Amino acid sequence: MQSRAQLDLADMRDFDLRRTFKLITIPFRPFQHLIEVKDQIACLHCIHRHLADEGRFILDLSTPRCLSWRAR
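Residues numbered from 1 in each chain as written. Predicted model: local features only at pLDDT ≥ 70, side-chain atom pairs only at ≥ 80, totals over all residues. Heavy atoms only, no water.

A. Spotlight on the layout of surface pockets. Size it by volume and the largest pocket reaches roughly 890 Å³. Forming the boundary of the largest pocket are 25 residues, of which Gln6, Leu17, Leu23, Ile24 and Thr25 lie nearest the centre. For the lining of the largest pocket, the secondary structure elements donating two or more residues are β1 (21-26) and α1 (37-50). The dominant element in the lining of the largest pocket, judged by the number of residues it contributes, is β1, at six residues. Partitioned by chemical class, the residues of the lining of the largest pocket number 15 nonpolar, five polar and five charged. (1 Å grid on protein atoms, 1.4 Å probe; cavity = no way out; pocket = protein on both sides within 12 Å on 5 of 7 lines; lining within 4 Å. Points joined across faces, edges and corners; volume = space filled by probe spheres on them. Helix = DSSP H or I, 4+ residues; strand = E, 2+ residues; numbered from the N terminus. Nonpolar A, V, L, I, M, F, W, Y, C, P; charged D, E, K, R; others polar.)

Below you can see the structure in the form of structure tokens.
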């Protein structure tokens, strides 16, 4: 049986897996640990290079309650 998942350990700001993927996901909000905009952009560039044509990227983010906008 062929594995359908791949787990790699690398710096999310600078990696090269030498292939593209139909699905890339960053679950559980680790993207929010990149507090510098330049690091966030570097991560997104790496993801873009690895995303296949018509591929999907799923990013899990949260908004802290103190920063949430509320309609009044």
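B. Structural view of the nonpolar core. Counting residues in each nonpolar core, the largest one holds nine residues, listed as Phe15, Phe21, Ile24, Ile26, Phe31, Leu34, Cys43, Cys46 and Ile47. Those elements giving two or more residues to this core turn out to be β1 and α1. If we ignore the near neighbours within four places in the chain, the residues touching Cys43 are Met12, Arg13, Ile26, Phe31 and Leu34. (Core = buried A, V, L, I, M, F, W, Y, C linked by side-chain atoms within 4.5 Å. Buried < 20%, exposed > 50% of the residue type's maximum accessible area, 1.4 Å probe, protein only. Contact = heavy atoms within 4.5 Å.)

C. Quick peek at the environment of Phe57. Within the secondary structure, Phe57 is located in strand β2 (residues 51-59). The exposure class of Phe57 is partly exposed, given its relative accessible area of 28%. Along the primary structure Phe57 and Leu44 are separated by 13 residues, whereas in three dimensions their C-alpha atoms are 9.9 Å apart.

D. View of α1. In this model, α1 (14 residues) spans 20 Å end to end at C-alpha, consistent with the 20 Å of a helix rising 1.5 Å per residue. All of the buried residues in α1 are Asp39, Cys43, Cys46, Ile47 and His50. Projected down its long axis, α1 shows its buried positions confined to an angular sector of 100°, all on one face. Residues of α1 that are exposed and angled more than 90 degrees away from the buried face: Val37, Lys38, His48 and Arg49. Looking at the buried side of α1, the elements it contacts are β1 and β2. (Expected span 1.5 Å × (residues − 1). Arc of directions from axis to C-beta.)

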